[in-house]
Amino acid sequence: MEKYLKQSLGIDVSKLNLSLSLGVLNEKLVKEFDSHPDVSNDLKGYKVLLKWLKASVDSEVLLLVVMEATGVYHQGIAHYLYEQGYSVCIMQSGRVKRYAQSLDQRSKTDALDSRMLSMLGLERNIRLWHPPSEELQELKGLSRERSSLLNDRTMETNRQGAIASSVHSNARALKRHKIRLKLLNTQIAAVEEEMRMLISKNEVLKRKLDYLISIPGVSFISAATIIGETLGFESIVNAKQLASYAGYDVVLRESGNRGTSRERPEFVKKGTAI
């Protein structure tokens with residue numbers, strides 16, 4: 001029987017389906033791949049995937065499950081396989097894109113993407129993913145809710161200003177806008193208080209927040225938002241990675257006649273925004 005050195009399952013995640021590719025690296029350093037028809041991105045599909053894995057995987061060789069972070073759609077299968085004892089790796093989109101660009105692959109389909117993720121797991125050393133705590137997930141949810149409320153407040157303020165400045169101002173409409181604006185302010189304050197209460201009850205979160213607010217200019221809300229959005233820096237291992245995640249991985253470009261004078265050089269903002 002042929003001996004396997006590594007096994008990697010690539011999962012291309014969409015809202016409704018999971019595209020699957022199982023790759024193995026044999027002792028001759030040859031990569032082989034096997035695909036499975038797409039399964040639904042729900043519990044029914046997860047059970048079909050699990051049955052296929054148990055029948056196809058060498059139990060004596062570690063299996064890496066590699067997927068790309070896709071909003072919230074990857075969370076269900078990631079948690080399910082982790083709870084089944086599998087080693088799960090969730091890759092940030094920027095790193096996946098750079099790896100894909102290194103391959104001589106011009107076409108793009110779900111099947112090809114799952115194979116590419118499987119290949120990535122066979123070729124690279126990837127940091128394993130662990131589910132964030134319930135407190136971190138709740139903090140991230142509160143951060144997102146607050147951001148949405150702030151956007152609503154900005155739009156409501158603009159509408160109120162437009163009505164107040166109009167030649168044919170409607171007093172009743174202006175009153176309704178003021179009531180909605182007051183409600184939004186109340187809800188924003190309530191969310192911020194929930195964030196404070198949540199962090200105050202968790203020593204790990206409190207310690208991380210204290211580190212951040214010790215930086216001049218960083219407020220409680222800014223620090224709490226950063227912790228929530230990065231899930232406590234779970235997938236961040238260095239400052240460069242954090243800068244890229246936030247969209248501030250600045251790259252200097254100087255080529256030919258560009259950047260050779262004393263004029264200010266051109267910088268390119270790269271990275272994946274939060």
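This text goes with the structure placed above it.
Only a predicted model underlies this, so the values are computations on that prediction, with no experimental measurement involved.

Student: Would you mind going over the overall build of the protein with me for this structure?
Tutor: From N to C terminus, the protein includes nine helices and seven strands. Evaluated residue by residue, the protein yields a buried proportion of 36% over its 274 residues. Considering only intrachain contacts with a sequence separation of at least 6, the fraction spanning at least 24 residues in the protein is 58%. Here the protein has roughly 17,200 Å² of accessible surface; of this, 51% comes from carbon and sulfur atoms.

Student: Help me out: how do you make sense of the sheet that holds strand E4 (residues 63-68) in this one?
Tutor: Taken together, the five strands give an open sheet; going across it, the order is E3-E2-E1-E4-E5, and neighbouring strands pair in mixed fashion. The strands lining the two open edges of the sheet, one partner per strand, are strand E3 (31-40) and strand E5 (87-91). Adjacent strand axes in the sheet meet at a mean angle of 20 degrees when their direction is disregarded. Bridge count for strand E1 (residues 4-13) against strand E2 (residues 17-26) is nine bridges, and the pairing is antiparallel. Each residue of the ladder has a partner; that of serine 8, found in E2, is glycine 23. Along the sheet face, helix H1 (residues 43-56) touches E1, E2, E3 and E4 and points at about 155 degrees away from the line of E3.

Student: What exactly am I supposed to notice about the packing of helix H5 (residues 134-165) against helix H6 (residues 171-200) here?
Tutor: Angle between the axes and distance between the axes are the two parameters that describe a pair of packed helices. Where H5 contacts H6, the two axes come as close as 9 Å, and the packing angle between them is 160 degrees. One element, H5, and the other, H6, form an angle in the roughly antiparallel class. Every pair of crossing elements has a handedness; the one defined by H5 and H6 is left-handed.

Student: Looking at this structure, how should I read the pairing of E3?
Tutor: Sheet faces and side chains relate simply in a regular strand, where the side chains alternate between the two faces. As judged from the eight bridges shared by E2 and E3, these two strands associate in the antiparallel manner. Among the inter-strand pairings, glycine 23 is bridged to a residue of E3, identified as phenylalanine 33. Linkage of E2 to E3, two consecutive antiparallel strands, is achieved through a turn of four residues, within which leucine 29 is found at a positive phi near 65 degrees.

Student: Help me understand H1, please; the structure alone is not making it clear to me.
Tutor: The periodicity of an α-helix, 3.6 residues per turn, causes residues three or four positions apart to be oriented the same way. Compared with the 20 Å implied by 1.5 Å per residue over 14 residues, the 20 Å span of H1 between its first and last C-alpha is a close match. Among the residues of H1, those classed as buried are Gly45, Tyr46, Leu49, Leu50, Trp52 and Leu53. Relative to the axis of H1, the buried residues are bounded by an arc of 165 degrees and lie together on one face. Exposed and oriented more than 90 degrees from the buried face of H1 are Lys44, Lys47, Lys51, Lys54 and Ala55. Buried residues along H1 sit against E1, E2, E3, E4 and helix H2 (75-83).

Student: Please explain the pairing of E1 as it appears in this structure.
Tutor: Most of E1 sits out of view: seven of its ten residues are buried. The loop that links E1 with its antiparallel partner E2 comprises three residues. In the sheet, E1 pairs with E4 via five bridges, with the strands oriented parallel. Note that in E4 the partner of leucine 9 across the bridge is valine 65.

Student: Sorry if this is basic, but what is going on with the packing of aromatic side chains here?
Tutor: In this description, an aromatic ring pair is defined by two values, namely the gap between the centres and the angle between the planes. Counted according to the given criterion, the structure contains two aromatic pairs. Judged by centre distance (5.4 Å) and plane angle (40 degrees), the ring pair of tyrosine 46 and tyrosine 80 falls under tilted. Remark: tyrosine 80 occurs in helix H2 and tyrosine 46 occurs in helix H1; sequence separation between them is 34 residues. This pair shows no difference in class: tyrosine 46 is buried, exactly as tyrosine 80 is. Relative to tryptophan 129, the ring of tyrosine 82 lies with its centre 5.8 Å away and its plane at 80 degrees, an arrangement referred to as edge-to-face. Taken together, the residues tyrosine 82 in helix H2 and tryptophan 129 in the loop between helix H4 (110-123) and H5 connect sequence positions 47 residues apart. Judged by relative accessible area, which is 31%, tyrosine 82 ranks as partly exposed.

Criteria and cut-off values
- Residues numbered from 1 in each chain as written.
- Predicted model: local features only at pLDDT ≥ 70, side-chain atom pairs only at ≥ 80, totals over all residues.
- Heavy atoms only, no water.
- Helix = DSSP H or I, 4+ residues; strand = E, 2+ residues; numbered from the N terminus.
- Buried < 20%, exposed > 50% of the residue type's maximum accessible area, 1.4 Å probe, protein only.
- Contact = heavy atoms within 4.5 Å.
- Areas by Shrake-Rupley, 256 points an atom, 1.4 Å probe, with all protein chains shown as cover.
- Pairing = 2+ DSSP bridges.
- Axes fitted to C-alpha atoms, helices over the stretch in contact; angles between N-to-C directions.
- Parallel < 35°, antiparallel > 145°, perpendicular 65-115°, else oblique.
- Left-handed = near helix turned anticlockwise from the far one by under 90°.
- Expected span 1.5 Å × (residues − 1).
- Arc of directions from axis to C-beta.
- Phe/Tyr/Trp six-rings, centres within 6.5 Å; stacked < 30°, edge-to-face > 60°.

Keep in mind that these numbers describe shape and distance, not what the molecule does.
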